[in-house]
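Results of the structural survey
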Amino acid sequence: ELQQERLASLGYLSNDVARDEVVARSTRVLELARQIDANYGSADDKLALALRQVTLRSALDGLRPQILEQRTAGFGVYTGFTGAIDGLVDQLRLTDDADLRTNAGRQQVALDAIIRHDEATAAEGAALFIEPRREITMRVVGLVGGGLALENREESVFKELADPSSADLYERVETSPSSTRLNNYLDGIVGSNASQIAATIAADLAPQVKSLTSLSRLVETRVAAQAVAEANRSARADRWLAGIVGGVALALLIAAALLSVLITRSIARPLRRLTASADEVADVAQL
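Residues numbered from 1 in each chain as written. Predicted model: local features only at pLDDT ≥ 70, side-chain atom pairs only at ≥ 80, totals over all residues. Heavy atoms only, no water.

**Some thoughts on the overall build of the chain**
Assigned secondary structure in the chain consists of 10 helices and 0 strands. Mapped in sequence order, the helices and strands of the chain form the string α-α-α-α-α-α-α-α-α-α. Buried residues in the chain amount to 38% of all 287 residues. Restricting to contacts in the chain with at least 6 residues of sequence separation, those with at least 24 account for 71%. (Helix = DSSP H or I, 4+ residues; strand = E, 2+ residues; numbered from the N terminus. Buried < 20%, exposed > 50% of the residue type's maximum accessible area, 1.4 Å probe, protein only. Contact = heavy atoms within 4.5 Å.)

**Concerning the pattern of salt bridges**
Summed over the entire model, instances satisfying the criterion amount to 21 salt bridges. Asp61 is paired through a salt bridge with Arg64; the nearest N and O atoms lie 3.1 Å apart. Taken together, the residues span about one helical turn, with Asp61 and Arg64 both in helix α4 (residues 60-68) at a distance of 3 residues. Its salt-bridge partner being Arg116, residue Asp90 comes within 3.0 Å of it at the nearest N-O pair. (Salt bridge = Lys/Arg side-chain N within 4 Å of Asp/Glu carboxyl O.)

**Looking at the side chain of Arg6**
Tracing the sequence through the fold places Arg6 in helix α1 (residues 2-13). Among residues more than four places away in sequence, those in contact with Arg6 are Tyr78, Phe81, Thr82, Ile85, Glu119, Ala122, Ala123 and Ala126.

**Points about the nonpolar core**
Counting 57 residues, the largest nonpolar core has Ile114, Leu128, Phe129, Phe158 and Val219 as the members making the most contacts within it. When residues in this core are grouped by element, the largest group, 9 residues, is from helix α6 (residues 103-127). The contacts of Phe129, once residues within four sequence positions are left out, are Leu7, Leu10, Arg134, Ile201, Ala202, Leu205 and Ala206. (Core = buried A, V, L, I, M, F, W, Y, C linked by side-chain atoms within 4.5 Å.)

**A look at the environment of Ala120**
Its location among the elements puts Ala120 in helix α6. Taking the C-alpha atoms as reference points, Ala120 and Asn152, separated by 32 residues in sequence, lie 9.4 Å from one another. If we skip the residues at most four places from it in the chain, Ala120 touches Gly147, Leu150 and Glu151.

**Quick word on the packing of aromatic side chains**
All told, the structure shown has 1 aromatic pair when counted by the stated rule. One residue, Arg139, lies across the ring of Phe75, its end atom 4.4 Å from the ring centre. (Phe/Tyr/Trp six-rings, centres within 6.5 Å; stacked < 30°, edge-to-face > 60°. Lys NZ or Arg CZ within 6 Å of the ring centre and 35° of its normal.)

**Observations regarding unusual backbone geometry**
Phi at Gln70 takes a positive value of approximately 55 degrees, unusual for a residue other than glycine. Relative to the elements of secondary structure, Gln70 occurs in the loop between α4 and α5 (74-91). A positive phi angle, near 60 degrees, is found at Arg133, a position not held by glycine. Topologically, Arg133 is positioned in the loop between α6 and α7 (138-161). A relative accessible area of 60% means that Arg133 is categorised as exposed.

**Quick look at helix α9 (residues 177-190)**
Over its 14 residues, α9 extends 20 Å from the first C-alpha to the last, a length consistent with the 20 Å expected when each residue adds 1.5 Å. Within α9 the residues assigned to the buried category are Ser178, Ser179, Leu182, Asn183, Leu186 and Ile189. Each buried residue of α9 lies within a common arc of 120 degrees when the element is viewed along its axis, so the set occupies one face. The outward face of α9, more than 90 degrees from its buried face, is lined by the exposed residues Pro177 and Asn184. (Expected span 1.5 Å × (residues − 1). Arc of directions from axis to C-beta.)

Structure (C-alpha cells):
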C-alpha cells in the first residue's frame, strides 16, 4: 500500500493523478499501520519504530500535507516513502534464522527475495516521476539503474529457491503486458544517455507501474502462504521428533531406575549372606 501511495503522490505532483486517490491511499496506509502497530508493535520495538516512520508528523505524515498542497519536490517524496518501505521490509527479518538446508528456510529466503525484487521494480517505476514535468534526468537514470541491479540480484535468489508453482506464477507476471512495457522502457533508459531519450516520461506509464505492483502482490501472497505451510510442517515434524526423543529419554530413565534396583538387590543379597557368615564365625570364635 505504501508503494501505491508513493506512486499516487508523485503522480499528483505531476498533475496525472487526482487528489482524491492520494487521500484514499494515505488513509488506507495509516489504517493498516495503526492496525499492525496495535497487533504487533507493543511486542516489537523495532517494528513499532518503523511504523512510526509511516504515521508520525515528523516523518511521512508530515510530508502528506505538503504533497496535497503541491509544495514539495518529487525527489523528497520518493526518498521519504522508499526509506519507510525499506524499513518495514527489513523488520520482517525473514533471513535472520533461515536454514537453507530445510524447505521452510528456503521459502523464507525466497519470500524475502521476491518482496525486495518487487519493491525494486515499484521504486524504479516511481523514480520515473520524480522530476517536474516528468523530465528524464541523470538522477532518474541513476535511480532506475540501481533498482535494476537490485532487482536482477533478488530475482536470481528467488528463482533458485522458490517452489516451482510460485516460480511459474512469477514468470506469468513478468510476461504480462504491464511488466513487458515497463521493463522495456526501464532498460531503454539505462541503456541510453539522458539526451538520447524522449524529453519526458509518458504519463500512461504510471498505470503500468500501478498494475504491475498489484500483480506482484499475487506472487508475494503465494510465496508467503508456502513459507507458512513449510514452517507449520517443520514445526509438526519437530514436535513429533521431540515426542519421540522425550519417549526414548523416559524409557531410558525407567530402564536406568530398574537397573539400579536390580543391581542394588544383586549386591545386597551377597552382602547379607557375608554378614551372616561373619556373625557365625564370630559366634564360633567366642565359644
